[in-house]
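# Residue-level structure breakdown
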Amino acid sequence: MVAQQAAAAFITGLLAFAILANCNTEGDILYAQRMAWQDPKNVLKSWDPTFDNPCPWEHVTCDNENYVIRMDLGKAGIIGPLVPQLGELKKLQYLELFGNGLNGSIPTTLGNLSNLVNFDLQENMLTGTIPASLGSISTLVNLRLYGNKLTGPIPPSLGNLTNLVTMDLQKNALSGSIPASLGNIETLRSLNLNGNVLTGMVPSEIVSLASVRNLSLNVENNNLTGTVTSAGLRGANEHVTCRLSRLVLWLGLALAALF
């Protein structure tokens, strides 16, 4: 009987510990991120894993249900990778990690951040490709990845970001062609792709978006075969190709005929 009572007490204790641990799941995620980073400025000193939740921590903001909705660590001097567990912060709206020494790749799990509005990883040392999973974040308004060391193509899935206003991918080493699907983003007002190694031509869908929706497009310093300066596009080459020039002329005539 005594042995059975002891075993029951032990199991109850384990269950209680598991419940308590689960109550601070988001704190566990952020603490795992802290442990993966070097923090020479000691900006994460308040990230104490013994707290009931991470809401009192500096650089963290929670909603009234104690879910993390903001991480504000721009220019904080932190160094190291992003942990995949960040994709489990299901209410996160603002991920502000610009101007640090982040390295490694962007975890594909960040595509699970279904409430994200601002995704700001600019001016770090991130490598690898842009995950196609980011195209699943339908709430995203600003995507800023410029000034890293990202390679590979621009995922066509980014064309699914139908609430996006700003896409800053400049000053990386992105290659391949510009996806025509980006022309589907009618809310887009700023598309900066300059300073990569992109090839081919600017898709007509994006030219149309620049002409009709007042999109500001910068594609300078790539390996593109043609640009259209008359449509407000700043291009990679000094020469304007006849094909794109005729396209813009045709679009202009077509629009004029509507009015």
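Scroll up a little and you will see the structure.
Rules used in this analysis
Residue indices begin from 1 for each chain and proceed along its sequence in written order. Only residues with pLDDT of at least 70 are given local features in this predicted model, and only at 80 or more are side-chain atom pairs given and counted; all residues enter the totals for whole chains, interfaces and linings. Based on all heavy atoms of the structure, the side-chain values leave hydrogens and waters out of the count. Residues belong to a common nonpolar core when they are buried Ala, Val, Leu, Ile, Met, Phe, Trp, Tyr or Cys residues joined through side-chain atoms within 4.5 Å. Residue exposure (1.4 Å probe, protein chains only): buried if accessible area is under 20% of the type maximum, exposed if over 50%, otherwise partly exposed. Numbered from the N terminus, helices here are DSSP runs of H or I no shorter than four residues, and strands are runs of E no shorter than two. The contact rule is simple, with two residues in contact once any of their heavy atoms fall within 4.5 Å. One speaks of a salt bridge when a side-chain nitrogen belonging to Lys or Arg is within 4 Å of a carboxyl oxygen belonging to Asp or Glu. Polar contact criterion, stated in full: a pair of N or O atoms within 3.5 Å, where within protein one must be able to donate a hydrogen and the other to accept it, and residues adjacent in sequence count only if both atoms are side-chain atoms. When DSSP finds at least two bridges between two strands, those strands are taken to pair. The directions from the helix axis to the C-beta atoms are what the arc is built from.

### Structural notes on the nonpolar core
One finds Met71, Leu73, Phe119, Leu143 and Met167 to be the most contacted residues of the largest nonpolar core, which totals 59 residues. Broken down by secondary-structure element, the contributors of at least two residues to this core are α2 (25–36), β1 (60–62), β2 (68–72) and α3 (204–212). Tallying contributions element by element places α3 first for this core, with four residues.

### Description of the environment of Leu89
Residue position: Leu89 is located in the loop between β3 (79–80) and β4 (94–96). Setting aside residues up to four positions removed in sequence, Leu89 forms contacts with Glu26, Ile29, Leu30, Met71 and Leu113.

### Let's talk about the environment of Pro107
Checked against the element boundaries, Pro107 lands in the loop between β5 (101–104) and β6 (118–120). A relative accessible area of 9% means that Pro107 is categorised as buried. Along the sequence, Pro107 and Pro81 sit 26 residues apart, while their C-alpha atoms lie 9.3 Å from each other. Setting aside residues up to four positions removed in sequence, Pro107 forms contacts with Leu82, Val83, Pro84 and Pro131.

### With respect to the pattern of salt bridges
Under the counting rule described, the total for this entry stands at five salt bridges. A salt bridge links Glu58 to Lys45; its shortest N-O distance comes to 4.0 Å. Taken together, the positions of Glu58 in the loop between α2 and β1 and Lys45 in the loop between α2 and β1 put the pair 13 residues apart, joining distant regions of the chain. Looking at Glu58, the relative accessible area reads 39%, which means it is partly exposed.

### With respect to the side chain of Asn148
Topologically, Asn148 is positioned in the loop between β8 (142–144) and β9 (151–152). A distance of 3.3 Å separates a polar side-chain atom of Asn148 from the backbone nitrogen of Met125. Discounting residues that sit within four places of it in the chain, Asn148 has contacts with Leu121, Gln122, Glu123, Asn124, Met125, Leu126, Lys171 and Asn172.

### Here we look at the sheet that holds β3
Strand order in the open sheet formed by three strands is β3-β5-β7, with parallel pairing between adjacent strands. The outermost strands of the open sheet, each flanked by one partner alone, are β3 and β7 (125–126). With two bridges connecting them, β5 and β7 associate as parallel partners. Each bridged residue has a counterpart across the sheet, and for Gly104 the counterpart in β7 is Leu126.

### Some words on α3
Of the residues making up α3, those classed as buried are Ile206, Val207, Leu209 and Ala210. Along α3, the residues classed as buried sweep out an arc of 160° about the axis, all on the same side.

### Notes on the pairing of β5
The pairing of β3 with β5 spans two bridges and is classified as parallel. Residue pairing across strands places Ile79 opposite Gly101, the latter belonging to β5.

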